[in-house]
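# Coordinate inspection notes
Single-letter residue listing:
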Amino acid sequence: MPCPWYSQGFCTSPKLEIPSDAVTSPERCLGDESRYSTCPYYTEPSAKPKKKSSIPKHSLRVYAPIHALMYELRIECPYAELVTLDNGIKVLYCKAIDRLMTRYEAELCSKHWKECPYREIASKASS
């Protein structure tokens, strides 16, 4: 059984500030528990309650290399929702276009959300 913190090539351990592919080793992460439990980033999974999202996580099609946010973003757009998946990966969901944003789009959204054409269209449609 693989390490519970290994997801799509990323280590999502709570000991890391953000998910990282720099600390993963398929030999260790995909091996048995005796191998990955000695990793310095391994910790026993806990049943911590997480903030509820209005987005059904099972419907998100996440491809971590393009969707996983590598650092914390602050986005004020009312149509943007930062979602932390069960495996610890953080992604940005845009309610205006009903899809995940890529890492690049999330950065643009963070900086230029007031000029976003998706937000403007969604605002007019909801009026």
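Data block above holds the structure.
So, here's what we can say about the structure. Per chain, residues are indexed from 1 in the order of the written sequence. The predicted origin of the model limits local features to residues at a pLDDT of at least 70 and limits the giving and counting of side-chain atom pairs to 80 or more, whereas totals for whole chains, interfaces and linings rest on all residues. To get the side-chain values, all heavy atoms of the structure are used, and hydrogens and water are removed first.

### Concerning empty space enclosed by the protein
For each structure, a 1 Å grid was placed over the protein atoms alone; sets of points admitting a 1.4 Å probe that cannot get out are labelled cavities, open sets with protein on both sides within 12 Å along at least five of seven lines are labelled pockets, and lining residues have an atom within 4 Å of a point. Grid points are joined across faces, edges and corners, and a volume is the space filled by probe spheres set on the points. If you walk through the whole model with that rule in mind, you get one cavity of 30 Å³ or more. In this model, the largest cavity occupies a volume close to 80 Å³. Lining the largest cavity we find Cys-3, Trp-5, Tyr-6, Cys-11, Ser-13, Val-23, Cys-29, Tyr-36, Cys-39, Tyr-41 and Tyr-42.

### Notes on the pairing of strand S3 (residues 80–84)
Here S3 pairs with strand S4 (residues 90–94) via five bridges, running antiparallel. The residue of S4 that forms the bridge with Thr-84 is Lys-90. At least two bridges found by DSSP between two strands is the condition for calling them paired. To qualify as a helix, a DSSP run of H or I must reach at least 4 residues; to qualify as a strand, a run of E must reach at least 2; elements of each kind are numbered from the N terminus. In this antiparallel pair of consecutive strands, S3 and S4, the connection spans five residues, and Gly-88 shows a positive phi of 95 degrees.

### Quick look at the sheet that holds S4
The strand order across the open sheet built from three strands is S3-S4-S5, with neighbouring strands paired in antiparallel fashion. Since the sheet does not close on itself, it has two edges, and those belong to S3 and strand S5 (99–101), each with one partner. For this sheet the average axis-to-axis angle between neighbouring strands, irrespective of direction, equals 40 degrees. Relative to S5, S4 runs antiparallel, the two being bridged by three bridges. Residue pairing across strands places Leu-92 opposite Met-101, the latter belonging to S5. Sitting on the sheet, helix H4 (residues 103–112) is in contact with S3, S4 and S5, with an inclination near 80 degrees to S5. Convention adopted: a line fitted to C-alpha atoms gives each axis, helices being fitted over their contacting stretch, and angles between N-to-C directions are expressed from 0 to 180 degrees. Contacts between residues were defined by any pair of non-hydrogen atoms, one from each residue, lying within 4.5 Å.

### A word on unusual backbone geometry
The residue Asp-98 is not glycine, and still its phi comes out positive at about 55 degrees. Turning to its location among the elements, Asp-98 is positioned in the loop between S4 and S5.

### Some points on the environment of Thr-24
Looking at the element boundaries, Thr-24 is found in the loop between strand S2 (10–11) and helix H1 (26–29). Thr-24 sits 17 residues away from Ser-7 along the chain, and the two C-alpha atoms are 9.9 Å apart. As used in this structure description, the phrase polar contact means that two N or O atoms lie within 3.5 Å; if the pair is within protein, one of them must be able to donate a hydrogen and the other to accept it, and residues adjacent in sequence are counted only when both atoms belong to side chains. Separated by 3.5 Å, the side chain of Thr-24 and the backbone oxygen of Gly-9 make a polar contact.

### Focus: the nonpolar core
To define a nonpolar core, start from buried Ala, Val, Leu, Ile, Met, Phe, Trp, Tyr and Cys residues and group those joined through side-chain atoms within 4.5 Å. Relative accessibility under 20% of the residue-type maximum defines a buried residue, over 50% an exposed one, and the middle range a partly exposed one, all with a 1.4 Å probe and only protein chains included. Counting residues in hydrophobic clusters, the biggest one holds 13 residues, and the most contacted among them are Ile-75, Cys-77, Ala-80, Leu-92 and Cys-109. Contributions of two or more residues to this core are made by S4 and H4. Not counting chain neighbours up to four residues away, the residues in contact with Cys-77 comprise Trp-113 and Arg-119. Residues Leu-60, Val-62, Ala-68 and Val-91 belong to the second largest nonpolar core, which totals eleven residues.

### Remarks on the environment of Pro-19
The residue Pro-19 is located in the loop between S2 and H1 in this model. Expressed as a C-alpha distance, the spacing of Pro-19 and Leu-69, which sit 50 residues apart in the sequence, is 8.1 Å. If we ignore the near neighbours within four places in the chain, the residues touching Pro-19 are Phe-10, Cys-11, Thr-12, Leu-69, Met-70, Gly-88 and Ile-89.

### Section: the pattern of salt bridges
Salt bridge, as applied in this entry: a Lys or Arg side-chain nitrogen positioned within 4 Å of an Asp or Glu carboxyl oxygen. Within this structure, the stated rule accounts for five salt bridges. We note a salt bridge from Glu-105 to Arg-99, for which the minimum N-O separation is 2.9 Å.

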